[in-house]
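Notes for the structure review
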Amino acid sequence: MAKPFAGYIHKQVKRSMFTALADQEQILKDLLKTGRKTEFGIAHAFNEVAAYNEFRQAVPIRDYEAFKPYIERIKQGKHNVLWKGLPIYFAKTSGTTSGVKYIPITKESVDNHFETARNAFFCYMSETGNYSSANGKMIFLSGSPVLERVGGIPTGRLSGISNHLIPRYLRTNQLPSYETNCIEDWETKLEKIVDETIDQDMTMISGIPPWMQMYFDRLTARSGKKIKDLFPNFNVMVQGGVNFEPYKARLFESIGKKVDTIETYPASEGFFAFQDSQEQEGLLLNTNFGIYFEFVPAQEIFSDNPTRLSLKEVKAGENYALIINSNAGLWGYNLGDIVKFVSTDPFRIVVTGRIKHFISAFGEHVIGEEVEYSLMKAAEKEGLKVTEFTVAPVIEQGRGKSYHEWFIEFENPPQSISDFSMAVDRNLREKNIYYDDLIKGNILQTLKIRPVRKNGFIEYMKSVGKLGGQNKVPRLSNDRKIADELRYYLQEASPEQQGRGLK
């Protein structure tokens, strides 16, 4: 059944490459038509907006915090606030100053999430001729599908919500079982997943890379075999959410061979792009699925009046902040992501970073405000003063669980670094639900603090020619460029290391 349907979908996707600009114009018209009857549309005079130039004048760019008053009204049961009626789901995700975001998913937007994932898979099958992956078992390593209700609206993680959207024709091949997916503790859940899959004909595995690595490690520990020997027909891996490169070599080593991969770009706010070809660089922008895209030159995103571009105005090789308008009721919404077009015929992108510094090496999406809050709360309780700090991930390659490494210069250090580390960790877990999940699931170990010697940060900034002026030490880095250099400025550094640092 997959073969003719995959071919049909692939042709549709190819056709959409040539109609992208026209599709975007039509989507904006459709969004405005529905939006005129909402509170948001009335407040922004949508009845006077007919084209994009008028739209960008009428609707300012907003992040979630600016949208929060509208979301609160929806949570109170108000209809027709951002979109007609009420959302059918809230996707619960890590936020900024609010701690948790509630992103609406509407009846009209829900297809964007599932059908885009479907399109990515079918494009792969049609292009490669590999239809065998549809014959065996498929595993989706996701969050719990158990939903709570917020303001009467079913609410949960996007991956858990997506589990409810899988069509019946795929459920017979889907693993793990619903009951196993509902287990909250990751290690317990992982053992059950291994129980259910170790003797199955697994052909496709999907999840974020660190979760897949833990799954492979458990399978090998249980069986003593490489993944290719356990699952000889396993031939495609679907991944997204974090940078794949740091994990790729070890994942392939665990598998025992190279397999095809399909990269995706999903978020709670929408499914924006996907890898439509194994031959071409970048991800195909999802231009015909209920989202109207805008782009702001990255260097202008914090300007009072930034340049806003439609799709037809972008250029390849430029970094843009991604702004969306969607049939989920998000208008001029700043995702915080930076993308670059590697092609404009068709429109293919790569995600190049975040507007602000962050850590998401494991899918935790930790931001500056969260680490500042976590550290300052613990320091205030102990009467400590912090001179400077920065945070970076440590990705362990088979030597134990990964963790966040904090480099902190104290004016007056805590009596116990271990106790203080645990306090900061607790605060961060309270602030960021993704980080909390990774700790609970034993994917990450608790953070480690490395005390930096007095004036260590000053010495470091001087060594890299960035002392003074407007130069600042980033609070977070998603790589170890700064962290590896700061090791020479630790209190525990050897005299030889300290000498290198001073140089």
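Keep in mind the model is a prediction, meaning the values are calculated, not measured.

Quick look at the overall build of the protein chain
- Summing up its helical and strand segments, the protein chain has 19 helices and 20 strands in all.
- For the protein chain, whose C-alpha radius of gyration is 24 Å, the value lies close to the compact-globule estimate of 23 Å for 503 residues.
- With the C-alpha coordinates of the protein chain rotated into their principal frame, the extents come out at 65 × 60 × 45 Å.
- Taken over 503 residues, the protein chain has a buried fraction of 54%.
- For the protein chain, long-range pairs separated by at least 24 residues make up 66% of all intrachain contacts whose partners lie at least 6 apart in sequence.
- Surface exposure of the protein chain reaches about 22,800 Å², of which carbon and sulfur atoms provide 48%.
- Of note, the protein chain has its 64 positive side-chain charges centred 2 Å away from the centre of its 62 negative side-chain charges.

Here's the deal with the sheet that holds strand S19 (residues 403-410)
- Taken together, the three strands give an open sheet; going across it, the order is S18-S19-S20, and neighbouring strands pair in mixed fashion. Lying at the two open borders of the sheet, with one neighbouring strand each, are strand S18 (386-394) and strand S20 (448-451). When strand polarity is set aside, the average angle formed by the axes of neighbouring strands in this sheet is 25°.

Section: the packing of helix H15 (residues 417-431) against helix H16 (residues 433-440)
- Between H15 and H16, the least distance of the axes is 5 Å, while the angle of their chain directions is 120°. What the angle tells us is that H15 and H16 run oblique. Here Asp-425, Leu-428, Arg-429 and Lys-431 of H15 come into contact with H16, specifically with Ile-433, Tyr-435, Asp-436, Ile-439 and Lys-440.
- Broken down by class, the residue content of the contact of H15 with H16 amounts to four nonpolar, no polar and five charged.

Brief notes about the side chain of Gln-24
- Looking at the secondary structure, you find Gln-24 in helix H2 (residues 20-35).
- Setting aside residues up to four positions removed in sequence, Gln-24 forms contacts with Thr-287, Ile-291, Tyr-292, Phe-293 and Leu-311.

A short note on the pattern of salt bridges
- A complete count under the given rule lists 22 salt bridges for this structure.
- Of the charged contacts in the structure, one is a salt bridge between Glu-313 and Arg-56, with a shortest N-O distance of 3.7 Å. On the criterion of sequence distance, the pair formed by Glu-313 in the loop between strand S12 (291-297) and strand S13 (319-326) and Arg-56 in helix H4 (residues 52-58) is long-range, its members being 257 residues apart.
- A residue is classified by how much of its surface remains accessible, and Arg-56, at 22% relative accessible area, is partly exposed.
- For the salt bridge of Lys-377 with Glu-430, the shortest nitrogen-to-oxygen distance reads 3.6 Å. In this pair, Lys-377 is assigned in helix H14 (residues 368-382) and Glu-430 in helix H15, connecting sequence segments 53 residues apart.

Calculation rules
- Residues numbered from 1 in each chain as written.
- Predicted model: local features only at pLDDT ≥ 70, side-chain atom pairs only at ≥ 80, totals over all residues.
- Heavy atoms only, no water.
- Helix = DSSP H or I, 4+ residues; strand = E, 2+ residues; numbered from the N terminus.
- Rg over C-alpha atoms; globule rule 2.2 N^0.38 Å.
- Buried < 20%, exposed > 50% of the residue type's maximum accessible area, 1.4 Å probe, protein only.
- Contact = heavy atoms within 4.5 Å.
- Areas by Shrake-Rupley, 256 points an atom, 1.4 Å probe, with all protein chains shown as cover.
- Lys, Arg positive; Asp, Glu negative; His and termini not counted.
- Charge placed at Lys NZ, Arg CZ, Asp CG, Glu CD.
- Pairing = 2+ DSSP bridges.
- Axes fitted to C-alpha atoms, helices over the stretch in contact; angles between N-to-C directions.
- Parallel < 35°, antiparallel > 145°, perpendicular 65-115°, else oblique.
- Nonpolar A, V, L, I, M, F, W, Y, C, P; charged D, E, K, R; others polar.
- Salt bridge = Lys/Arg side-chain N within 4 Å of Asp/Glu carboxyl O.

Scope: geometric values only; no functional claims are made or implied.
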